[in-house]
Amino acid sequence: MTDEEKSLAQAMYELRVRAGEVFVFDEQARPSSGHGATGSVVLNKNKNKNKNKNKNKNKNKNKNKAAGDIEIGQLAFGLSPYRELKRLHDAKNRAVETDELAGYYLWQGLGLPMPPGPDQTRDEIANLLAKQDQVDERRNRREEIERQDTLDLSDFTRPLCIENVAGFEATESLFSTILQLCEYVGLQYKDMYGRTRPSMIDPTLRPMLPVPPHSSYPSNHAFQCTSLALVFERFFPQHPATEELHRVAARLAENREWAGLHYESDTAAGKLLAERFLPFLVDACTELMREAQSEWN
């Protein structure tokens with residue numbers, strides 16, 4: 001198996017684990033990170049059977065989508081974005097052998113600044129504690145923060161006036177694909193920098209949500225949502241809601257700070273990563289962007 005095939009297998013494995021389609025019966029079977037070999041997995045057939053039953057039930061209820069059309073709106077039909085992942089792992093995205101990133105993909109070395117040191121970290125924690133003391137503001141944001149934790153697409157479809165409207169399956173699938181691809185890429189950067197969550201440094205911080213098990217820097221929510229707004233702006237720059245999508249992305253990223261989960265510099269790094277990753281993301285999503293754009297003509 002080539003390195004490219006191993007990386008793609010790793011990506012597909014992680015997506016399937018998050019979707020609950022597989023479980024590991026032995027920790028030694030779990031694929032290693034980076035370009036390591038993939039291990040064996042066991043399909044949970046009963047879970048898949050129930051999941052498929054529920055998925056079909058929900059699909060039939062879901063605003064009369066064009067059932068059976070797999071190429072348009074992959075994510076609307078519960079499929080992983082295999083096509084876009086494959087393009088992301090295309091050989092053209094590999095660093096040349098003489099480059100310092102040899103053996104990696106170019107999008108794995110986009111040059112984020114190092115996380116702040118102890119002094120700035122203390123200042124950032126002080127800012128988080130100040131937010132925590134604003135009890136009324138936190139209470140006002142709570143419902144929004146809890147909904148946004150799962151990156152519900154309604155925050156992005158509502159400004160476009162396509163929430164619960166049929167005929168925009170490819171647009172919704174594009175948004176879902178962006179969120180999944182950026183989650184995959186962002187987790188690699190988190191592992192790279194390994195920054196400790198603020199509440200683990202200062203126990204007087206009381207996060208509003210369970211603290212995620214992965215590292216803090218960069219903020220994946222900031223990365224994912226900024227990427228979504230940037231891609232929509234790229235394929236439909238004149239749309240009046242483009243500015244609102246950027247506002248929603250900024251608000252969502254800021255809410256992660258109000259929740260006590262991220263430093264301000266995590267948010268800034270997530271936005272910077274979105275800007276630098278954009279060319280790779282647009283290339284990976286070219287076909288789906290074209291399909292989405294046709295829905296707006």
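Preceding this paragraph is the structure being described.
A short tour of the structure in this document, coming up. Computed from a prediction, not measured in an experiment: that's the story for all the values here.

**Let's talk about helix 11 (residues 264-284)**
Argument step 1. Look at helix 11: 29 Å from first C-alpha to last across 21 residues, which is about the 30 Å you get at 1.5 Å a residue.
Argument step 2. Of all the bends in helix 11, the largest measures some 55° and sits at F277, one to four residues before the proline P279.

**Points about unusual backbone geometry**
Argument step 1. Residue P218 is reached from Y217 by a cis peptide bond, and omega for that bond is -5°.
Argument step 2. By secondary structure assignment, the location of P218 is in the loop between helix 8 (198-201) and helix 9 (220-235).
Argument step 3. One non-glycine residue, L151, adopts positive backbone phi at about 55°.
Argument step 4. For L151, the position within the fold is in the loop between helix 5 (135-148) and helix 6 (154-157).
Argument step 5. The residue C161 is not glycine, and still its phi comes out positive at about 60°.
Argument step 6. With respect to the helices, strands and loops of the structure, C161 is situated in the loop between helix 6 and helix 7 (169-193).
Argument step 7. Look at C161 and you get exposed, because its relative accessible area is 63%.

**A look at the packing of aromatic side chains**
Argument step 1. A complete count under the given rule lists 12 aromatic pairs for this structure.
Argument step 2. Measuring from ring centre to ring centre gives 5.7 Å for F223 and F277, while their planes differ by 65°; the resulting arrangement is edge-to-face. A residue pair is termed long-range when its members are at least 10 positions apart, and F223 in helix 9 and F277 in helix 11 qualify at 54 residues.
Argument step 3. A relative accessible area of 0% means that F223 is categorised as buried.
Argument step 4. Ring-pair connections join several aromatic residues into one group, and the members of that group are F168, F175, F232, F235, F236 and W296.
Argument step 5. The ring centre of Y105 lies 4.6 Å from the NZ or CZ of R94, which sits over that ring.
Argument step 6. When the ring centre of Y263 is taken as reference, the NZ or CZ atom of R195 above it lies at 3.7 Å.

**Side note on the environment of R197**
Argument step 1. Looking at the element boundaries, R197 is found in the loop between helix 7 and helix 8.
Argument step 2. Sequence separation between R197 and H214 is 17 residues; the distance between their C-alpha atoms is 8.6 Å.
Argument step 3. Non-local contacts of R197, meaning those with residues more than four positions away in its chain, are made with K190, V211, P212, H214, S215, S216, L261, H262 and Y263.
Argument step 4. Among the polar contacts made by the side chain of R197, one reaches the main-chain carbonyl oxygen of L261 at a distance of 3.0 Å.

Rules and cut-offs
Residues numbered from 1 in each chain as written. Predicted model: local features only at pLDDT ≥ 70, side-chain atom pairs only at ≥ 80, totals over all residues. Heavy atoms only, no water. Helix = DSSP H or I, 4+ residues; strand = E, 2+ residues; numbered from the N terminus. Expected span 1.5 Å × (residues − 1). Bend = angle between axes of the 7 residues up to and from the residue. Buried < 20%, exposed > 50% of the residue type's maximum accessible area, 1.4 Å probe, protein only. Phe/Tyr/Trp six-rings, centres within 6.5 Å; stacked < 30°, edge-to-face > 60°. Lys NZ or Arg CZ within 6 Å of the ring centre and 35° of its normal. Contact = heavy atoms within 4.5 Å. Polar contact = N/O pair within 3.5 Å; in protein donor to acceptor, adjacent residues only side chain to side chain.

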